[in-house]
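Chain by chain, the residues:
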Amino acid sequence: MLRQVAEGVLIRESEFCQSNAVVVQGRAGVLLIDPGVLGYEMAALANDLRELGQPVVAGFSTHPHWDHLLWHAQLGAAARYGTARCAATVGALLSDANWKERIAPFIPPDIVEQVPLDLLGLITGLPAETAQIPWDGPQVRIIEHQAHAPGHAALLIEERGVLVAGDMLSDVLIPLLDLNDTADPIEDYLAALRLLEGATGDVDVLVPGPGSTGGADQVHARIDPDRAYMHALRDAHVPSDPRVGPSATYGWVPGVHARQLQRLARRSERDGTPG
Ligand SMILES: [Zn+2]
């Protein structure tokens, strides 16, 4: 079920974590951002696009996590892109003959059979500093940062007033840090929030990866609690954040928060530095 969120911009929400796939209409077809998670969902999306007479002419993955790198044969063979850093991270994964085994632990067991991995991550890296996605449609500005995952791109479709945030600015998930080989993940996250804050003055619609879409007021309404959560992690306070409280949308999020705390504590023991 495609839903229009702005002129020429449609989303399809997955059963998995309310993840949003984003469709942007161009002159000869659509740009598809983070196509979806479950095989039948992506097949249904391909069907809907076929009925609309809108072939996929380009794809984009916002960041190198499995649930943003999937594809379905019925979506066709358009060029798929990511930032150079995103593509390099995926390339390193796919160069391991056992990559499917390596990512299997990250896929929830109840959906693993429904996640088609064959076309995962077949993306072309756009040269560093590329300002826009190369395609024939509304300009899509790439705002690259290093929060959450290497080479994460938020996408700003200025003509349509839409920000596609990837796995940031969610109302249901806490900010998830990239704790793999990063020197200062909390500062990376705070820097990304500053970057998004500076770039989103004219945004009318916010589309997060997981969670609900929001209007103009939601950009600050989500940046502020994410920043407060980061400050709580940095200063070792207990966050007063409904996403990890008793009313959390997902019961497993408090556990994710606890693991982040543990891993940060281990890092600071190891390095002798806070955070
Ligand atoms: Zn992610």
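Residues numbered from 1 in each chain as written. Predicted model: local features only at pLDDT ≥ 70, side-chain atom pairs only at ≥ 80, totals over all residues. Heavy atoms only, no water.

1. Structural notes on the packing of aromatic side chains
Here is step 1 of the chain: Throughout the structure, instances matching the rule amount to 2 aromatic pairs.
Here is step 2 of the chain: With centroids separated by 5.3 Å and ring planes inclined at 20 degrees, the aromatic side chains of Tyr 250 and Trp 252 adopt a geometry described as stacked.
Here is step 3 of the chain: Owing to a relative accessible area of 17%, Tyr 250 belongs among the buried residues under this scheme.
Here is step 4 of the chain: Residue Trp 252 is classed as partly exposed on the basis of its relative accessible area of 42%. (Phe/Tyr/Trp six-rings, centres within 6.5 Å; stacked < 30°, edge-to-face > 60°. Buried < 20%, exposed > 50% of the residue type's maximum accessible area, 1.4 Å probe, protein only.)

2. Points about the coordination of the zinc ion
Here is step 1 of the chain: Binding of the zinc ion to the protein goes through His 63 (NE2), His 65 (ND1), His 148 (NE2) and Asp 167 (OD), at separations of 2.1 to 2.3 Å.
Here is step 2 of the chain: Classification of the site at the zinc ion as irregular follows from its 4 donor atoms and the range of 92 to 170 degrees in their angles at the metal.
Here is step 3 of the chain: His 65 gets classed as partly exposed once you look at its relative accessible area, which sits at 26%. (Donors = N, O, S within 2.8 Å, 3.2 Å for Na, K, Ca; no water. Tetrahedral: all angles 85-135°; square planar, octahedral: opposite > 155°, others 65-115°.)

3. Comments concerning the nonpolar core
Here is step 1 of the chain: Within the largest apolar cluster, 64 residues are counted, with the highest numbers of intra-cluster contacts made by Trp 66, Val 115, Leu 120, Met 168 and Leu 169.
Here is step 2 of the chain: The greatest single-element share of this core, amounting to 7 residues, is contributed by helix 4 (residues 185–199).
Here is step 3 of the chain: Setting aside its immediate chain neighbours within four residues, Leu 120 contacts Trp 66, Leu 69, Leu 70, Arg 80, Leu 93, Leu 94, Trp 99 and Ile 103.
Here is step 4 of the chain: With 23 residues, the next largest nonpolar core counts Val 9, Ile 33, Ala 58 and Ile 157 among its residues. (Core = buried A, V, L, I, M, F, W, Y, C linked by side-chain atoms within 4.5 Å. Helix = DSSP H or I, 4+ residues; strand = E, 2+ residues; numbered from the N terminus. Contact = heavy atoms within 4.5 Å.)

4. So, helix 6 (residues 253–271)
Given 3.6 residues to a turn, an α-helix orients residues that are three or four positions apart in the same direction.
Here is step 1 of the chain: An ideal rise of 1.5 Å per residue puts 27 Å on 19 residues; helix 6 measures up with 27 Å between its terminal C-alpha atoms.
Here is step 2 of the chain: Looking at helix 6, one finds that the buried residues are Val 253, Val 256, His 257, Gln 260, Leu 264 and Arg 267. The arc that holds the buried residues of helix 6, viewed along the axis, is 100 degrees, so those residues lie on one side. Relative to its buried face, helix 6 has exposed residues pointing more than 90 degrees away, namely Arg 266, Glu 269 and Arg 270.
Here is step 3 of the chain: Structurally, helix 6 contributes buried residues whose contacts are with helix 4 and helix 5 (216–234). (Expected span 1.5 Å × (residues − 1). Arc of directions from axis to C-beta.)

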